[in-house]
Amino acid sequence: MLSGMSQTGFQTENNPCKAAAQDIFGGLRQWRLWSALAREDIRSRYMRSFIGISWVTISFAIFVAVKILIFTPMSETNVSFFAPYVAIGFFAWTFMNSVIVDGCVAFIGAASWIKGARMPLSIYAYQSIMRNLFLTIFNFIVVIGVMVLSKRSVPMVGLVAIPVFLLYIVNAAWIHILFSTIAARYRDFMHMTQTIMRVMFFLTPIFWLPENMGGMMKILNYNPLAHFIYALRDPILYGTVPMTSIWIVIATTIIGCLLAYLAMVYGRRKIVFWL
Amino acid sequence: MVAAKLYFGSSLMAFIHLDQVSLTYPMLGAGSRARVTKTALVGAGNVLKDKKQRSSGIVALKDISLKFEVGDRVGLVGRNGSGKSTLLRVMAGIYEPLEGKVHVEGTIASLFSLGLGTKTEANGYRNIELAGLMAGYSRDQIDDKLPAIAEFTGLGQYLNMPVRTYSNGMAMRLKFACGTAFSPEVLLMDEWLGAGDPSFQKKASDKMAELVEQAGILVLASHNYQLIKNSCNKVMWLDRGEMKLFGPVDEVLEQVDD
């Protein structure tokens, strides 16, 4: 049993479906632990650096600034539209990319913890998501800065972006659990994912506009990541709700959660031996 | 079992029950190219073959049933690879066997390899805090215990330094103090006290004795028979993943041939 007092006694659960659910939901209850672990991750990453975590904001700001500088002329639009377009798109992309890349190594990276104590495996997924959420706040500062500088007001419909971002977080959870399980067993998976993400960066409308792509767009719309971007960006930027994209995001969330659950049912007790 | 349910979460009756536990390690990274010969495996040595006669796993534990009750101080002995560490990890719930049942009652402290569950970049205090959170305690409870744990480590100012700067012995002091601070009822140790200096070894074995006296169970895997004679009242002899003998210390140690 994975109880809140996790190093108290336990009894092995021989029903893998029940054990997987206990792991996923029992892990959520340990929020104190995974928040503390996430905080330590960030502390050690920026330890002994002079400006510390400001590096996140600075590097994101520079990257966005350069993108705006180079791609605005090509976009055939003006800066006051294109700057927030790039900032929001790249903000969403950065979060998705780091969730997918980190999502492969949550269990591998926590190997020494998994082998050291009986804990729900999901806490290492939540730890990684928490870390990414914290870092994404520092990127969000840049988005706000760009919105203010380009004097754009956000329409009421823009609030739709909030529940969409919550869906991003749910997606982060299934991606972490599913991908970390696969990557623990098949080490090629992580490298494959990184390679794919590098290509996807160019195939996702972040610094180019879909309407400039002509017939190509038919194919590019098969990219689910593009729909995640539309679902977040369109309400803020155009004041419209892209229903097709939102349905694709919801469907992805449901299918992903089911797959992650199945991965836990199948892999939960084997993962420690794969590490 | 009924009594166990009644007392769940209380400190009155710690126990370890294993019922026909078998455990097989998958052999990843070795695959079909692995040259597994009988002589290569001094320990468990039971290599499972799949349909194509490739080795697919190693049987680490075979059909182990046991019941340890309050007051049991059990020494685990056996050759390298006989399954001692695996058995301890099964008792800690880290490895879940595919066959058989494990039921452990009481708070568990497992003291295994040094590197496990440590943030080497964080300082000693923060690692104590993390260990407390891992054990399921609130920040307030941890803050209450912190001075006592810090005192027990005897590390003083070093607790403000990152753990990566610690020597083996210092890291061991920290882990031992963290592991035993919250009065565990089940103490699982894997050949462990070697790195400490004599004064700390004395301190640690006193602490162990104290914990066992407070209605606890100790399971200690070791090749040091003197340590086992001093700390244990029962010995379990493992051979190739099977329980060969279990009984009073002298009786079993007499028959063990290393």
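Everything quoted here is computed from the prediction, not taken from an experiment.

(A) Spatial organisation of the overall build of chain B. A count of helical and extended segments in chain B gives eight helices and 10 strands. Split into buried and exposed, the 258 residues of chain B put 41% on the buried side. When contacts within chain B are restricted to residue pairs at least 6 apart in sequence, those whose partners lie at least 24 apart make up 71%.

(B) Quick look at the overall build of chain A. Helices and strands together make up the secondary structure of chain A, namely 13 helices and one strand. When the helices and strands of chain A are read in sequence order from the N terminus, they spell out β-α-α-α-α-α-α-α-α-α-α-α-α-α. With respect to the principal axes defined by its C-alpha atoms, chain A has extents near 65 × 45 × 35 Å. The proportion of buried residues among the 275 residues of chain A is 42%. Pairs at least 24 apart in sequence give 78% of the contacts found in chain A among residues at least 6 apart.

(C) Up close: the interface of chain A and chain B. Across the contact, 30 residues belong to chain A and 32 residues belong to chain B. Ranked by residues supplied to the side of chain A that touches chain B, first place goes to helix α2 (residues 31-46) of chain A with seven residues. By residue class, the composition of the side of chain A that touches chain B is 12 nonpolar, 11 polar and seven charged. Of the strand pairs in this sheet, strand β1 (residues 10-11) of chain A and strand β5 (residues 99-105) of chain B are connected by two bridges, and their pairing is antiparallel. By the bridge assignment for β5 of chain B, Phe10 of chain A is matched with Val104 of chain B.

(D) Expanded view of helix α3 (residues 124-134) of chain B. Across the 11 residues that make up α3 of chain B, a large majority, 10, are buried. Those residues of α3 of chain B that fall on the buried side of the exposure criterion are Gly124, Arg126, Asn127, Ile128, Glu129, Leu130, Ala131, Gly132, Leu133 and Met134 of chain B. Turning to α3 of chain B, the residues buried within the fold contact α2 of chain A together with α4 (139-153) and α5 (168-181) of chain B. Following α3 of chain B by one or two positions, Gly136 of chain B has its phi on the positive side, about 90°.

(E) Inspection of the pairing of β5 of chain B at higher detail. For strand β1 (residues 15-26) of chain B and β5 of chain B, the ladder comprises six bridges, and the chain directions are antiparallel. Bridging across to β5 of chain B, Phe15 of chain B finds its partner in Glu105 of chain B.

(F) Structural view of the sheet that holds strand β4 (residues 73-77) of chain B. All names here are of chain B. An order of β6-β7-β8-β4-β9-β10 is seen for the six strands of this open sheet, with the pairing classed as mixed. Strands with a single pairing partner mark the edges of an open sheet, and in this sheet they are β6 (108-111) and β10 (242-248). Strand-to-strand twist of the sheet, defined as the mean angle between neighbouring strand axes without regard to direction, takes the value 15°. In the sheet, strand β9 (residues 234-239) pairs with β10 via six bridges, with the strands oriented antiparallel. Following the sheet pairing, Leu238 is matched in β10 by Met243. In the packing of helix α2 (residues 84-91) onto the sheet, the strands contacted are β4, β7 (186-190), β8 (217-221) and β9, and the crossing angle to β8 comes to about 150°.

(G) The arrangement of the packing of helix α4 (residues 79-102) of chain A against helix α11 (residues 224-237) of chain A in detail. All names here are of chain A. Look at α4 against α11: their axes get within 10 Å of each other, and the N-to-C directions meet at 140°. Taken together, the axes of α4 and α11 lie oblique to each other. As α4 packs across α11, the resulting crossing turns out to be right-handed. Counted together, Pro84, Tyr85, Ile88, Gly89, Ala92, Trp93 and Met96 of α4 and Leu225, Phe228, Ile229, Leu232, Arg233, Ile236 and Leu237 of α11 form the full contact between these two elements. Of the residues assigned to the contact of α4 with α11, the class counts are 12 nonpolar, one polar and one charged.

(H) Quick peek at the nonpolar core. Among the nonpolar cores identified, the biggest contains 143 residues, and Val86 and Ala87 of chain A together with Leu188 and Val219 of chain B are the most heavily contacted of them. No other element matches α4 of chain A, which puts 14 residues into this core.

(I) Seen up close, the environment of Asp190 of chain B. Relative to the assigned elements, Asp190 of chain B resides in strand β7. In the structure, Asp190 of chain B is positioned 12 residues away from Lys202 of chain B in sequence and 17 Å away in space, judged by C-alpha atoms.

The rules we used
Residues numbered from 1 in each chain as written. Chains lettered and ligands numbered in written order. Predicted model: local features only at pLDDT ≥ 70, side-chain atom pairs only at ≥ 80, totals over all residues. Helix = DSSP H or I, 4+ residues; strand = E, 2+ residues; numbered from the N terminus. Buried ≥ 20, exposed ≤ 12 C-beta atoms within 10 Å, placed from the backbone. Contact = placed C-beta atoms within 7 Å. Nonpolar A, V, L, I, M, F, W, Y, C, P; charged D, E, K, R; others polar. Pairing = 2+ DSSP bridges. Axes fitted to C-alpha atoms, helices over the stretch in contact; angles between N-to-C directions. Parallel < 35°, antiparallel > 145°, perpendicular 65-115°, else oblique. Left-handed = near helix turned anticlockwise from the far one by under 90°. Core = buried A, V, L, I, M, F, W, Y, C linked by C-beta atoms within 7 Å.

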